[in-house]
Amino acid sequence: MPIPLSSPDITEAEIEAVTAVLRTPQLSLGPELPAFEAALAEYHKVPHAVAVSSGTAGLHLALLTLGIGEGDEVIVPSFAFVAVANVVAQVRATPVFAEIDPVTLNLDPHAVERAITAHTRALLVVHTFGIPADMHALRSIASRHNLLIVEDACEAIGAAIMNPEGSQTVGSFGDLAVLGFYPNKQVTTGEGGAVLARDTAHATRLRSLRNQGRMPSGDWLDHAEPGFNYRLSDLACALGRVQLSRIKEILALRRNVAERYQQLFIEAAIPGLEVPPLHLPDCRISWFVYVVRLPENVDRERVRSTLAERGIGTGRYFAPIHLQPAWRTLPGAASLQLPVTESIARRTLALPFFNRLNSDPQEQVVAALEQAIADVKNSTIA
Ligand SMILES: *Cc1c(COP(=O)(O)O)cnc(C)c1O
C-alpha cells in the first residue's frame, strides 16, 4: 500500500454538510459563508474573519488592505512557501529575505532587525510547520520601528503562545493574519483561506476587495475600487465549518502521529538524522508536517527516489525562495547571506504525515528511511 505524503481527513459529517448545501440554491454567498467566518473569528478570539479562495489570495488582500505598495519593503523568510514573496511583488513592493532561527525555523528577530531600512513597512511573519514565531520579540521590533505585521498562519491553525494569562492562538497577534485551507493543511476546504482582522475598517475593505471591489452596502454593480474574485463558495465554507468544529480532535491526532515518529526515531537512532522538536518553551505546536533533517552529505534526491520506489511519498520543504530562478535576479539577491536557511533547506525531508496515519505505516517509513540512508551512504563510499 502506498503511503502518501498527506491525506485529508473527511468524515461523514463533512460529506453531509457539503451535500446539504448542494440541495439548496445558494452555492455561493449563502448562509455558510458568515457562519464559517463567525466560527473562525470566535476560535481565534478576533473580531473579524474574511474567508477567501486561497491562502495566497488572503496574503495578497492583506497587503493591499494595509496599503503596502510601490517603494515599500516587506521582510519575509526565504525558508517558506513561495507565495510570501509572490504576493509582495504582486503589490509592487519588494520582499527582503531575512534569516531564520535554526530550531524553530521561523524568522530570527535579530536578523529581522538587521534587515530593516528606511523603506521597510511590514513584517510578513510565517509560523513555519505549525511552530509559533517569536511574536513578543517581533512585535516589539515592529512597534519600535513603526512597522505593520501580517501573520502567515497558513501552516499553524491552533498553534499558540503561552502567556502568564493563558494561551493566545497564532493569528491574533498581527495587524492582519492569514489562514490556509489547502488539502494538506490541518483544516481544509479543498482550496481556501481566510484573513483575520481586528480593525472593522480592515474587514470591510477585505470583504470589498475579495468581491470585485463592491461597496459593502451597495448594489452588485457598485464598485468602490478595482477588486478581485477571491470569494469562497458555500460548499467550501460548509466543509470548513465541520473541519473547524473537529479541530481539537484533529490537532490531537496529529500530535500523536508526531510523538510516534519521535519514539520510532529514538529507537532507530539513525546517525546524523535530526528530528523536529516535540516541545518548545511557552508554545503549543499545531503539527502541519513532519520534517526531518538528513545527515550531512546524504544525497536527498536519491533517498527520495528510493522511498518513492517503495510507495512512500516525501517532500523537500522548503527550497529557499532567494535561490529560485524567479527570485535570484532580485536586486541584492546575489550578495544575500542566508547560511542557516541554505544549510537547513538542503537537508530537509518531509515524511508522510496526516491525521489517520497509523503505527504500521509509520514503522515502514522509518525502516525504509534508515535503509535508504544506509544504501545511499554505502554507494557514495564505493
Ligand atoms: C499553504 C501556505 C499558504 C497558502 O497556500 P494556498 O495554496 O494559496 O492556499 C501560504 N503560506 C504558507 C507558508 C503556506 O504553507
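Since this is a predicted model, take the numbers as computed values, not measurements.

Turning next to the overall build of the chain. Across its full length, the chain holds twelve helices and twelve strands. Whereas a compact globule of 382 residues would reach a radius of gyration of roughly 21 Å, the chain reaches 21 Å, a difference of no more than 12%. Out of the 382 residues belonging to the chain, those deemed buried represent 54%. Put simply, of all contacts in the chain between residues at least 6 apart along the chain, 72% involve residues at least 24 apart. Carbon and sulfur atoms provide 54% of the accessible area of the chain, an area that totals close to 16600 Å². Distance from the positive charge centre (32 side chains) to the negative charge centre (40 side chains) of the chain: 1 Å.

For the coordinates displayed, the defined rule picks out 17 salt bridges. The residue Arg 293 makes a salt bridge to Glu 274 at a minimum N-O spacing of 3.5 Å. Of this pair, Arg 293 sits in strand β11 (residues 290–293) while Glu 274 sits in the loop between α9 (247–268) and β10 (283–284); the two residues are 19 residues apart in sequence, bridging distant segments of the chain. Judged by relative accessible area, Arg 293 falls into the buried class, the value being 15%.

Right, let's talk about unusual backbone geometry for a bit. Among all residues save glycine, negative phi is the norm, and among peptide bonds the norm is trans. With an omega of -15°, the peptide bond between Tyr 317 and Phe 318 qualifies as cis. For Phe 318, the position within the fold is in the loop between α10 (300–309) and α11 (339–345). One non-glycine residue with positive phi stands out, namely Asn 146, at about 60°. Within the fold, Asn 146 resides in the loop between α6 (135–145) and β5 (148–152). With phi around 65°, Asn 297 is a residue other than glycine that occupies positive phi space.

Let's shift gears to the domain arrangement of the chain. Many authors give the size of an interface as the accessible area that is lost as the parts come together. Taken domain by domain, the chain holds domain 1 (12–245) and domain 2 (248–381). Taking the mean C-alpha position of each, domain 1 and domain 2 sit 26 Å from one another. Across the boundary between the two partners, domain 1 contributes 39 residues, which contact 32 residues of domain 2. Taken over both partners, the interface formed by domain 1 and domain 2 buries close to 3000 Å², and the fraction arising from carbon and sulfur atoms is 66%. It is Phe 97, Phe 129 and Gln 186 that lose the most area in domain 1 upon contact with domain 2, and together they represent 23% of the buried surface on that side. One can count zero salt bridges joining domain 1 with domain 2. Of all the secondary-structure elements, those providing two or more residues to the side of domain 1 that touches domain 2 are α4 (83–90), β3 (94–98), β6 (160–163) and β7 (166–169). Of the residues belonging to the side of domain 1 that touches domain 2, the class tally is 25 nonpolar, eleven polar and three charged.

This next bit is on the layout of surface pockets. Of the pockets and cavities examined, the largest pocket occupies roughly 520 Å³. In terms of lining residues, the largest pocket is bounded by 28 residues, among which Phe 81, Val 82, Ala 83, Lys 185 and Phe 318 are the most central. Among the elements of the structure, α3 (55–65) and α4 are those that each provide at least two residues to the lining of the largest pocket. Tallying contributions element by element places α3 first for the lining of the largest pocket, with three residues. Taken together, the residues of the lining of the largest pocket sort by class into 16 nonpolar, seven polar and five charged. Counting the residues that make up the lining of the largest pocket, at least three belong to each of domain 1 (12–245) and domain 2 (248–381). The space that makes up the second largest pocket amounts to roughly 280 Å³. Residue lining of the second largest pocket: 17 residues in total, with Pro 132, Ala 133, Asp 134, Pro 281 and Cys 283 positioned closest to the centre. The set of elements that each furnish at least two residues to the lining of the second largest pocket consists of α6 and β6. A per-class count over the lining of the second largest pocket returns eleven nonpolar, three polar and three charged.

Moving on to the site of the ligand. As a structural note, the neighbourhood of the ligand is formed by Ser 54, Gly 55, Thr 56, Phe 81, Val 126, Asp 152, Cys 154, Glu 155, Lys 185 and Gly 192. In this structure, an oxygen atom belonging to the ligand sits 2.9 Å away from a main-chain N or O atom of Gly 55. Glu 155 has a polar side-chain atom sitting 2.6 Å from an oxygen atom of the ligand. Taking 390 Å² as the accessible area of the ligand by itself, protein coverage stands at 91%. When each cavity is represented as a set of grid points, the ligand is found to reside in the largest pocket.

Rules of the game
- Residues numbered from 1 in each chain as written.
- Predicted model: local features only at pLDDT ≥ 70, side-chain atom pairs only at ≥ 80, totals over all residues.
- Heavy atoms only, no water.
- Helix = DSSP H or I, 4+ residues; strand = E, 2+ residues; numbered from the N terminus.
- Rg over C-alpha atoms; globule rule 2.2 N^0.38 Å.
- Buried < 20%, exposed > 50% of the residue type's maximum accessible area, 1.4 Å probe, protein only.
- Contact = heavy atoms within 4.5 Å.
- Areas by Shrake-Rupley, 256 points an atom, 1.4 Å probe, with all protein chains shown as cover.
- Lys, Arg positive; Asp, Glu negative; His and termini not counted.
- Charge placed at Lys NZ, Arg CZ, Asp CG, Glu CD.
- Salt bridge = Lys/Arg side-chain N within 4 Å of Asp/Glu carboxyl O.
- Domains from an automatic or database assignment.
- Buried area = accessible area lost by both parts, 1.4 Å probe.
- Nonpolar A, V, L, I, M, F, W, Y, C, P; charged D, E, K, R; others polar.
- 1 Å grid on protein atoms, 1.4 Å probe; cavity = no way out; pocket = protein on both sides within 12 Å on 5 of 7 lines; lining within 4 Å.
- Points joined across faces, edges and corners; volume = space filled by probe spheres on them.
- Near = heavy atom within 4 Å.
- Polar contact = N/O pair within 3.5 Å; in protein donor to acceptor, adjacent residues only side chain to side chain.
- Sits in = over half its atoms within 2 Å of the grid points.

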